[in-house]
Amino acid sequence: LATCDPEQHQCRCQDNDNDNDLQGRRSIRVASFDIHCLRLRRNADAFESIANITIELECLGYNELHEEILADAKLKTGYYDGFMFGPFLTGEMVKVGGLHDLTPYVQQGGAYDLRWNDMFRFNRENAAVYDNKVVMIPLDGDVLSFYYRKDLFEKYDKQPPKTWEEYTELAKFFHGKVEPLPGSSSNETVTLSGSCVGRKFRCQEEHWIILILSSMTQHTGTKTGFLFDTSNMEPLLGEAFVETIRFTEEQFAYGADNEMEGCFDSTNIAKMNSGQCAMTYGWGDSFTEGAKGPPTSFVSGLIGTAQTPGSPVYLDRLSQKLAQCTGATCSCKGDDAASTNACLNVAPYTAFTGWSGAVSSFSSKYRQDDTTDFFAYASSPEVSLFDTIPNITGGAPFISVDPFRVSHTNAQDWIDAGLPADSVVSYLETIKEQQSDPNAVIDIRIPQTPAFLDELKVVMNEHIIKINEKKLQGLTGDDLFSSEEEKWEVERKLRAKWKALIASYDRENSQNLLEIYQRSLGIYAPTYNNQDLSKIRPVGLTLCCILLVTSLGFACWTFLHRRNNIIKVSQPLFLYTFCFGCFVLGSSIIPLSIDDSTTSVSGASKACMAFPWLVSIGFTTTFAALFSKIWRVVRVMKSSMAMRRVEVKYTDVLGPFVVLLTMNVVLLLVWTILDPMKYERTYSPQTLESVGSCQSSGNVWKYCVSFIFVINFIAIIAANVLAYKGRNIGSDFVESKWIMLCTASIFQVMLIGAPLMALVSENVVASYFVSAILVFVIGESILLFIFLPKLYETKTRTGSSKSSKNVKISMPSVTPSTRERKSAFPSSRDSVEQRESGAQLKDSVVQGEAELGGE
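What you see is a predicted model, and the numbers here were worked out from it, not measured in a lab. Each chain has its residues counted from 1, following the order in which its sequence is written. Residues qualify for local features only when their pLDDT is at least 70, as the model is predicted, and side-chain atom pairs are given and counted only at 80 or more; totals for whole chains, interfaces and linings, by contrast, use all residues. Note that the side-chain values use all heavy atoms of the structure and ignore hydrogens as well as water.

I'd like a rundown of the overall build of the chain, residues and numbers included.
Looking only at helices and strands, the chain has 30 helices and 18 strands in total. Counting across all 855 residues of the chain, residues that qualify as buried make up 53%. Pairs of residues are marked as contacts when any of their non-hydrogen atoms sit within 4.5 Å. When contacts within the chain are restricted to residue pairs at least 6 apart in sequence, those whose partners lie at least 24 apart make up 76%. Within the structure as shown, the chain displays about 37,900 Å² of accessible surface, and the carbon and sulfur contribution to it stands at 56%. Numbering of helices and strands runs from the N terminus, with a helix taken as a DSSP run of H or I at least four residues long and a strand as a DSSP run of E at least two residues long. Type-normalised accessible area, obtained with a 1.4 Å probe on protein chains alone, sets the label of each residue: buried when under 20%, exposed when over 50%, and partly exposed for intermediate values. The method behind every accessible area is Shrake-Rupley, applied with a 1.4 Å probe, and residues are considered shielded solely by the protein chains displayed.

See the structure below:
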């Protein structure tokens, strides 16, 4: 990031150091959607004279507005002091800390007649609140309602639908009927569409799908959510989504001809206002625009309002199947709410939630206070009522503000403004009832919200296009609709896309979407992580540092003393191999120390697989060097006993290393490719505890770990056998005793450590501590047993010549057979032969060591 310079970079910089304008008055900058600028400008002009401040209002397009305020929050420039925005962006804004907490302001009563309790229950308790904090001031109230032609319903003695099945039946009944054109004086007629819902791609069509779906998926209150399970983030689709597809297809079959090309305004509103439609659903604009006179509307006074249909079934979140609603399982109304009889689940959908005013966290305190006051003024009952009641003059500007206060529902205020009395009463009562419903549906407000909704749009658009192609071919009935398998295929496709989005987000971020989703609904309860590594992590990292420093220290010491006979005979290459192997082994503690508190879930998952790779490679490298050295010593001993001279090269002892390393790497590759470990945190709603650990989804890892353990354990046993055979070759140049101690200590550690690890596998802290200790003990014991004797010898001896004169050889005891034993004491000839044999063995051992060291 470079320093922001407006003249060079065409960027906008924070100016919090100067809160005043050129006239010396305080100033604030507010961003708004261009459609609402007319309203906010009027409010700003009035507030400037009251508060003696200057308000700079920036009017932006829909996408530009949300991109600008999010970018401003991410960069923390504080260019905007406040903004009127769509609440769907709340999750992203909270994530970057971009929203100022307004809770103290509201608790103190606010200013400019805010009257918080006058707002509908949903707006003040849900829409304005995120993670139990007030972060927005409502300036609009959005809820979808059912709108219908009252004159047609009265003519044919029909009632507003209670269920989606009834909606389909009514659409089928009215579709194709020829009726007089409302307001026409020339007996002009029009052919009705049973239902008018705009389904143009990426034109708000996701709200119509969610409206139907949520009537089945949310059934016990707003805070239970409608799109994802609040306990595990599982998409709420299943049979409910299949039914949603069915209802959508049926509505489309009896819908307007141009639904695939029309949006909400050109289809839901315009078709109804022109008298071509029997019913629709949408925001309050359907009523307020319909109440205007010609040429905007020809059905003024003929539009009725009712709640959107409910559902007699609900989605069981565990089985993803539909079940019959009762008063105990669903949000039912009236007497049904307390009964065990079948009833209808009612879930009013507050689509988009309503435009709201928010204050930037990155503005100065004075600007934050002034901006909050301005939004409180714009939201106050008297000021907002003027914006809510439409100007019913034909051709008046489209304001798009729905009631969000109880005081907005005084019917007389609307009637005095010229709106038809009967229509106003049903509209306001419906809005009031829905906005006060405890089961009102709130749109998702989490990061990636646009991505989730876009995937929904894509899969449904692809499906409806296929139905439209059949419709254009003239197909009807069952030939027009999709099969059950086709519907389920759409469900599986959407579920996979949503789960991929969730997994991708969780991999790249330390805070998972489940927690954010719970916070957005105000139900997040911080879980107590009783297996946190924060306290024990320093211990493991300290052991890691000791092992790494020891490995590097002995490697440097070997290099500095590489010309010493003791080092030459011990072969520096093998000593470097010990140091390298122990260094890699010790570094495995680093990924072992990583969890979701130090990095993202994705990073923790990578660390999960890094640990076994480093342990295996480090251990194999170190152990192979041990095995090769003891094998070399035994070969030299055997050749000496046979009175043969043998030359043992590096290539001769690389075999065990290559074989052991190859077998370990192959098993690790199989494990990594087929069943890799991933970091997962599991939550317990009962105990409010969480445990984060590395887990594999299948059983492949069990076989791989078992084979790796068995292979290395067999190699350790073989090394201990060889070490035992060479136990009596004691020489200042031959470290057989120390190698035997190394292999014996590794054997003991594995013998004790394996069952101990199994016992503590369920406890993350204990498992971490035991693993770190085992790695440290294995690596440090090898280094100390190999290098400390050499350190001692180099300190106590002055040169290689002195060392070579002090070779002491302990011959292996030879027990003669009974046949050869002539007496309890050997003869002089036997003694001479033994002395000659011992001298030859000594020469052979030293010569073999010198040849290897000389290489």
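Tell me about the pattern of salt bridges, and name the residues and values.
Oppositely charged side chains can form a pair if their charged atoms are brought close together. We define a salt bridge as a side-chain nitrogen of Lys or Arg found within 4 Å of a carboxyl oxygen belonging to Asp or Glu. A full pass over the atoms with the stated rule returns 33 salt bridges. A salt bridge links arginine 519 to aspartate 131; the shortest N-O distance between them is 2.7 Å. Taken as a pair, arginine 519 in helix α19 (residues 513-521) and aspartate 131 in the loop between β4 (129-130) and β5 (133-134) lie far apart in primary sequence, 388 residues in all. Measuring nitrogen to oxygen at the nearest pair gives 2.7 Å for the salt bridge that ties glutamate 179 to lysine 155. Taken as a pair, glutamate 179 in strand β8 (residues 178-180) and lysine 155 in helix α7 (residues 150-155) lie far apart in primary sequence, 24 residues in all. The network of salt bridges with shared partners includes Glu165, Glu243, Arg246 and Glu250.

I'd love a proper account of the nonpolar core, names of residues and values included.
Throughout, nonpolar core names a set of buried Ala, Val, Leu, Ile, Met, Phe, Trp, Tyr and Cys residues whose side chains join them through atoms within 4.5 Å. Of all hydrophobic cores here, the largest spans 122 residues; its most connected members are Phe83, Phe241, Phe374, Phe452 and Trp498. Ala625, Val764, Val770 and Ala772 belong to the second-largest nonpolar core, a separate cluster that totals 60 residues.

Got a sec to walk through the sheet that holds strand β6 (residues 137-138)? Specific residues and values, please.
At least two DSSP bridges between two strands are needed for those strands to be called paired. An order of β2-β1-β3-β15-β6 is seen for the 5 strands of this open sheet, with the pairing classed as mixed. Every other strand in the sheet has two partners, leaving β2 (53-60) and β6 as the edge strands with one partner each. Pairing of strand β1 (residues 26-33) with β2 involves 8 bridges; the strand directions are parallel. Paired with arginine 26 across the strands is isoleucine 53, a residue of β2. To get an axis, a line is fitted to the C-alpha atoms, and for a helix only the part in contact is used. The angle between two axes follows their N-to-C directions and goes from 0 to 180 degrees. The strands touched by helix α2 (residues 37-51) are β1, β2 and β3 (82-85); relative to β2, the strand with the most contacts, the crossing angle is about 170°.

Before we move on, can you summarise the sheet that holds strand β7 (residues 145-149) with the specific residues and values?
Ordered in space as β10-β7-β11, the 3 strands form an open sheet in which the pairing is antiparallel. The outermost strands of the open sheet, each flanked by one partner alone, are β10 (279-282) and β11 (303-306). Taken over all neighbouring pairs, the strand axes of this sheet differ in orientation by 30° on average, direction set aside. By the bridge criterion, 4 bridges tie β7 to β10 in an arrangement that is antiparallel. Opposite serine 145, over in β10, you have glycine 282 as the bridge partner. The strands that helix α8 (residues 164-174) touches are β7 and β10; relative to β10, the one it contacts most, it runs at about 135°.

Would you mind going over helix α28 (residues 764-796) in detail, with residue names and values included?
The first and last C-alpha atoms of α28 sit 47 Å apart over 33 residues, in line with the 48 Å expected at 1.5 Å per residue. Distance and chemistry together define a polar contact, namely a pair of N or O atoms within 3.5 Å, with one atom able to donate a hydrogen and the other to accept it when in protein, and with adjacent residues in sequence counting only for side-chain atoms on both sides. The backbone nitrogen of valine 765 has a side-chain oxygen 3.1 Å away, supplied by the residue at the start of α28, namely asparagine 763. An expected span of 1.5 Å times one less than the residue number is assigned to each helix.

Summarise a nonpolar patch on the surface; cite the residues concerned and give the values.
Taken together, the side chains of Val666, Leu669, Val670, Ile673 and Leu674 present a nonpolar region at the surface, about 460 Å² in accessible area. Inspection of the secondary structure puts isoleucine 673 in helix α25 (residues 650-674). On the basis of relative accessibility, which here comes to 65%, the residue isoleucine 673 falls in the exposed class. Candidate patch residues must exceed 30% relative accessible area and have no salt bridge, after which like charges are joined if within 9 Å and Val, Leu, Ile, Met, Phe, Trp or Tyr side chains if within 5 Å.

Residues and numbers for the side chain of arginine 537, please.
With respect to the element layout, arginine 537 can be found in helix α20 (residues 537-560). Arginine 537 gets classed as buried once you look at its relative accessible area, which sits at 13%. Other than its neighbours up to four places away in sequence, arginine 537 contacts Ser593, Asp595, Ser597, Thr598 and Tyr768.

Tell me what's going on with the state of the cysteines, and back it up with residues and numbers.
Each disulfide consists of a covalent bond between the sulfur atoms of two cysteine residues. The disulfide criterion used throughout: a pair of cysteine sulfur atoms within 2.5 Å. With the rule as written, the count across this model stands at 6 disulfides. Bridging cysteine 37 to cysteine 59, the disulfide has an S-S length of 1.8 Å. Taking the sign of the S-S torsion, -120° for the link of cysteine 37 and cysteine 59, the bridge is left-handed. On the criterion of sequence distance, the pair formed by cysteine 37 in helix α2 and cysteine 59 in strand β2 is long-range, its members being 22 residues apart.

Go over the pairing of strand β13 (residues 321-324) with me, naming the residues and quoting the values.
Two faces, one strand: in a regular strand the side chains alternate between the faces of the sheet. Pairing between strand β12 (residues 313-316) and β13: 4 bridges, direction antiparallel. Bridging from a neighbouring strand, valine 313 pairs with glutamine 324 of β13. Counting the residues between successive antiparallel strands, the hairpin from β12 to β13 contains 4 residues, one of them, glutamine 320, with a positive phi of roughly 60°.

If you had to explain the packing of helix α10 (residues 238-253) against helix α18 (residues 484-508) to someone new, which residues and values would you point to?
Two elements in contact, α10 and α18, have axes separated by 9 Å at closest approach and are oriented at 120°. Judged on the interaxial angle alone, α18 and α10 are oblique. Note that α10 runs across α18; the crossing there is right-handed. Taking contact as the criterion, the partners of Gly238, Glu239, Phe241, Val242, Ile245, Arg246 and Glu249 in α10 are, on α18, Glu484, Lys487, Trp488, Val490, Glu491, Leu494 and Arg495. Of the residues that constitute the contact of α10 with α18, the class distribution is 6 nonpolar, 1 polar and 7 charged. When describing relative orientation, an angle under 35 degrees is termed roughly parallel and one over 145 degrees roughly antiparallel, while 65 to 115 degrees is termed roughly perpendicular and anything else oblique. Note: crossing handedness is left-handed where the near helix turns anticlockwise from the far helix by less than a right angle, and right-handed where it turns clockwise. Residues are grouped as follows: Ala, Val, Leu, Ile, Met, Phe, Trp, Tyr, Cys and Pro are nonpolar; Asp, Glu, Lys and Arg are charged; every other residue, Gly included, is polar.

Outline unusual backbone geometry, supporting the account with residue identities and numerical values.
Look at aspartate 113: it is not a glycine, yet its phi comes out positive at around 60°. Relative to the elements of secondary structure, aspartate 113 occurs in the loop between α5 (103-107) and α6 (121-127). Residue classification places aspartate 113 among the partly exposed positions, given a relative accessible area of 43%. For glutamine 448, which is not glycine, the phi dihedral falls at a positive 75°. Structurally, the position occupied by glutamine 448 is in the loop between β16 (441-442) and α17 (449-472). The class for glutamine 448 is partly exposed, based on a relative accessible area of 29%.

Let's hear about the packing of aromatic side chains: which residues, and what values?
What counts as a ring pair is set by centres within 6.5 Å for rings of Phe, Tyr and Trp (its six-membered ring), and what kind of pair is set by the plane angle: stacked under 30 degrees, edge-to-face over 60, tilted for all other angles. Counted by the stated rule, this structure contains 39 aromatic pairs. Judged by centre distance (6.4 Å) and plane angle (85°), the ring pair of tyrosine 112 and tyrosine 377 falls under edge-to-face. Highlighted residues: tyrosine 112 in the loop between α5 and α6 and tyrosine 377 in helix α13 (residues 365-379), separated in sequence by 265 residues. On the accessibility criterion, tyrosine 112 (31% relative accessible area) is partly exposed. Exposure remark for tyrosine 377: the relative accessible area of 13% places this residue in the buried category. Ring centres 5.4 Å apart and planes at 80° place the aromatic pair tyrosine 156 and phenylalanine 173 in the edge-to-face group. Of this pair, tyrosine 156 sits in the loop between α7 and α8 while phenylalanine 173 sits in helix α8, placing them 17 residues apart in sequence. Judged by relative accessible area, tyrosine 156 falls into the partly exposed class, the value being 25%. Site record: aromatic cluster; members linked through ring pairs are Phe146, Tyr148, Phe153, Tyr156, Trp164, Tyr167, Phe173, Phe174, Trp208, Phe264, Tyr281 and Trp283.

Describe the packing of α13 against helix α14 (residues 381-388), listing the residues and the values that go with them.
Where α13 contacts α14, the two axes come as close as 5 Å, and the packing angle between them is 60°. In terms of their interaxial angle, α13 and α14 are classed as oblique. For the pair formed by α13 and α14, the contact residues are Tyr377, Ala378 and Ser379 on the first element and Pro381, Val383 and Ser384 on the second.

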